[in-house]
Amino acid sequence: MTFSVLALDRATGAIGGAAATGNLAVGAWVLRAAAGVGAVATQGMSVSAPWGDEGLARLARGESPQEIVSDLTQADTGRDHRQLAVMDAAGRSAAWTGPHNEDWKGHVVGVDCVFAGNWLSNRDVLAEMQRAYGDGTATKREFGRRLLAVLDAAMEVGSDARGTLSAAIRIVHPARPPLDLRVDHDLTPLARLHALYDMATHPPYSEWIGQLPTQDDPCRH
């Protein structure tokens, strides 16, 4: 049904996530992130938006990803139909994959990153996502391009078993306005997301957004 990545860019301090799915509106359902706090991806056969909201709130209170994943899953009798990934601002991650999600399903916790997927076409998708994020070519790219490369790699090796219809990317940083781009339904959502990312990171949009208030400078104009 869905595949996602959460990551910390240690070089800049940015936190980000990207996701794609064979259904509508993956960005709204799956991704949560706050600058200086962390990120959450909530997905699965019975995706829980409250998990995403509560997970991010608990990160803001200083709880660890492992505590959050453990508490949220233990308290929820529907956990076996859900999937959850949590990463804090220090890059620590934890994840849960409920056994009643459709195969292929699973998660991989890496260094400063975590990958999750369910209803995938094959078991190689997650491994290819991790490889794409960490390979030498990708690490020379700026952070947003690395996240997009993860989605591209998943598509190339098999993607969502039903096809892919929506995709999203979210990046937050205390000194920058948030970047939140979403393709909610498209036959080629990754191509459209790449096009939106190009528009967002080049003038005139990038010049305008560079003047906006940020968490570190709320009075900027």
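In the block above lies the structure referred to throughout.
Quick caveat: nothing in here was measured; it's all calculated off a predicted structure.

(A) Examining the packing of aromatic side chains more closely. Evaluated as defined, the whole model comprises 2 aromatic pairs. With centroids separated by 6.3 Å and ring planes inclined at 65°, the aromatic side chains of Phe-115 and Tyr-133 adopt a geometry described as edge-to-face. One end of the pair, Phe-115, is in strand E8 (residues 113–118); the other, Tyr-133, is in helix H4 (residues 124–134), with 18 residues separating them in the sequence. Taking the ring centre of Trp-51 as reference, the NZ or CZ of Arg-82 above it sits at 5.8 Å. Lying over the aromatic face of Tyr-133, Arg-146 brings its terminal NZ or CZ to 3.8 Å of the ring centre.

(B) Looking closely at the pairing of strand E5 (residues 83–88). A large share of E5 lies buried, amounting to 6 of its 6 residues. Along E5, one buried face is formed by Gln-83, Ala-85 and Met-87 and the opposite face, lined by Leu-84, Val-86 and Asp-88, is buried too. As judged from the 6 bridges shared by strand E4 (residues 38–43) and E5, these two strands associate in the antiparallel manner. Pairing of Ala-41 across the sheet is with Ala-85, part of E5. Relative to strand E6 (residues 93–97), E5 runs antiparallel, the two being bridged by 5 bridges. Bridge pairing in E6 places Met-87 opposite Ser-93. Adjacent in sequence and paired antiparallel, E5 and E6 are bridged by 4 residues, among which Gly-91 carries a positive phi angle near 90°.

(C) Structural view of H4. Every buried residue of H4 is accounted for by Val-125, Leu-126, Met-129, Ala-132 and Tyr-133. Buried residues of H4 fall within an arc of 125° about the axis and therefore sit on the same side.

About the thresholds
Residues numbered from 1 in each chain as written. Predicted model: local features only at pLDDT ≥ 70, side-chain atom pairs only at ≥ 80, totals over all residues. Heavy atoms only, no water. Phe/Tyr/Trp six-rings, centres within 6.5 Å; stacked < 30°, edge-to-face > 60°. Helix = DSSP H or I, 4+ residues; strand = E, 2+ residues; numbered from the N terminus. Lys NZ or Arg CZ within 6 Å of the ring centre and 35° of its normal. Buried < 20%, exposed > 50% of the residue type's maximum accessible area, 1.4 Å probe, protein only. Pairing = 2+ DSSP bridges. Arc of directions from axis to C-beta.

Keep in mind these values describe shape, not function.
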